[in-house]
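Here are the chains, one letter per residue:
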Amino acid sequence: MALAAFLPSWLYSSTAVAERERSHYNQRCWHPVAARSALESGQVLAIELLGQPVLLTRPAAKPQAPPATPDGDNPPPRAFLNRCPHRGVALLESGTAAQSCRRLICPYHGWSYGLNGQLLAAAREGEFLEPFNRDDWPLQELACRELGPLIWVALGPNPLPLERQLDLVLDEAGELFAEPRQLLAREQRGLACNWKIAHDNTLDDYHVAIAHPTTLHREQGPVRLYRHALSPHGTLLATPLPPGGEGNASGTFFTFGLAPWTHLLLWPDRRLALISFLPGAALDRCTMEVWLFGPPELAESASSWMAVMQGFLEEDRHLVESAQRGYASGLSPGPAHRLEQRILQWQALYRRLLDLEHWQPPAESAPHVTIRPPRAATAPSPC
Ligand code: FES
Ligand SMILES: [Fe+2]
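As the structure is a computational prediction, the values presented were derived from the model and not from experiment.

**Some remarks on the sheet that holds strand 17 (residues 286–294)**
Thought 1: Read from one edge to the other, the open sheet built from seven strands follows the order 11-17-16-15-14-13-12, with strand pairing classed as antiparallel. In this open sheet, the two strands that pair with only one neighbour each are strand 11 (182–191) and strand 12 (227–230). For this sheet, the mean angle separating the axes of adjacent strands, direction not counted, is 15°.
Thought 2: Alignment of strand 15 (residues 262–266) against strand 16 (residues 272–279), held across five bridges, turns out to be antiparallel.

**Thoughts on the confidence of the model for the protein chain**
Thought 1: Per-chain confidence: the protein chain averages 91 in pLDDT, with 89% of residues scoring 70 or above.
Thought 2: Here residues 373–382 is modelled with pLDDT under 50, and outside its nearest four sequence neighbours on either side it reaches 23 contacts, counting other chains as well.

**Concerning the packing of helix 4 (residues 195–202) against helix 7 (residues 302–328)**
Thought 1: At a closest axis distance of 10 Å, the pairing of helix 4 and helix 7 adopts a crossing angle of 130°. Compared by their axis directions, helix 4 and helix 7 come out oblique. The element helix 4 and its partner helix 7 pack so that their crossing is right-handed. For the pair formed by helix 4 and helix 7, the contact residues are Ile197, Ala198 and Asn201 on the first element and Asp316, Leu319, Val320, Ala323, Gln324 and Tyr327 on the second.
Thought 2: Its residues assigned to classes, the contact of helix 4 with helix 7 shows six nonpolar, two polar and one charged.

**Some thoughts on the pairing of strand 2 (residues 43–49)**
Thought 1: Extensive coverage of strand 2 is indicated by the burial of six of its seven residues.
Thought 2: Linking strand 2 back to strand 3 (residues 52–58) in an antiparallel pair, the connection comprises two residues, with Leu50 at a positive phi of about 50°.
Thought 3: Bridge analysis of strand 2 against strand 5 (residues 99–100) gives two bridges, and the strand direction is antiparallel. When the bridges of strand 5 are listed, Gln43 appears paired with Ser100.

Thresholds applied
- In every chain, residue numbers begin from 1 and rise along the written sequence.
- Throughout, the order in which chains and ligands are written sets their labels, letters from A for the former and numbers from 1 for the latter.
- In view of the model being predicted, local features appear only for residues whose pLDDT reaches at least 70, and side-chain atom pairs are presented and counted only at 80 or more, with totals across whole chains, interfaces and linings using the full set of residues.
- A pair of strands is treated as paired once DSSP finds two or more bridges between them.
- Only DSSP runs of H or I covering at least 4 residues are called helices, and only runs of E covering at least 2 are called strands; the numbering of each starts at the N terminus.
- Helix axes are fitted only over the stretch in contact, all axes being lines through C-alpha atoms; the angle between N-to-C directions runs from 0 to 180 degrees.
- Scored from 0 to 100, pLDDT reflects the predictor's confidence in each residue.
- In this description, any two residues whose backbone-derived C-beta atoms lie within 7 Å of each other are considered to be in contact.
- Oblique is the label for any angle not covered by the other classes, which are roughly parallel (under 35 degrees), roughly antiparallel (over 145) and roughly perpendicular (65 to 115).
- Take the far helix as the reference: if the near one is turned anticlockwise from it by less than a right angle, the crossing is left-handed, and if turned clockwise, right-handed.
- Under this grouping Gly is polar, as are all residues other than the nonpolar Ala, Val, Leu, Ile, Met, Phe, Trp, Tyr, Cys and Pro and the charged Asp, Glu, Lys and Arg.
- Put simply, a residue is buried when 20 or more other C-beta atoms lie within 10 Å of its own C-beta and exposed when 12 or fewer do; between those, it is partly exposed, and each C-beta is set from the backbone.

Listed below in structure tokens is the structure:
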């Protein structure tokens, strides 16, 4: 395999690779799971993260306690597996909005928990067959952070530092990212391709002028003005927005490519779009999720903004679904162009997190393949 090569196509259709993504890739990354503004003090929110039921809580601050966050608004959120330690039942059904709650009561045998995950009481507590200690039975906690307008959760015990996963965002647009904003709209759509094909495509700055001539290309402007930045964990395409452009404010339009399968778009007028391509249950399916954030005064125009976003994303649909068929037929991908360097940079991170160099896949996955790392656009760093 050439040194500056794209990932080989068998990595997009191997169940062993998908399993390794679950054990080595997904677990090392932080996942945006909710808008910061969606969870108030004293509330709980049940969500699904990669098929795993998760509870987000924001325990109310103690009355005399100092403010828990610099802005003094809210104490920090916590995340737990939504799984009662007694017999595994979910404490709360997912799919509903955040609700105020003093304690979580398991619907099966009535154990109750505080929003800090501690067991407060069990039914008929004096009658267990062995000595029973409440402190031995807290909810299992997950790493949880707030950064920018989002709440982030990591499923594994050893995630990358979140600031490293978002290093380019913080370095290039830290103040803009930190601006207060609300979730204005959110939509999900299915795509008939492996998530990596959709993620590759959204990192691909080579196709925009050809495939999106009247949509994204107009937003991003002339290719000669493209500026790229790469880090070991992220990529950036920055383009200048002229006064009176789509963003109604001049400045820089930032498109960040982030692990694990995420794209963060930032406009100078404080709009922020998050696009993720979540792996599907089948290897040739994924779910595209689009979140739009902005200042409250943009709420009325959120549906037309979403229509614009979905407009260019639908232009990509037939391309990624067609590429899926090409990859599935055993393609050896062609040479990488300068404007595809963000794909190579992300794929270098993917190889490192999966530790592909030291992995011997089952024979049926890669019958005659030796995996070698590509020449990285920047020096790889330990993850
Ligand atoms: S499963 Fe929750 S109390 Fe038994
Ligand atoms: Fe595209």
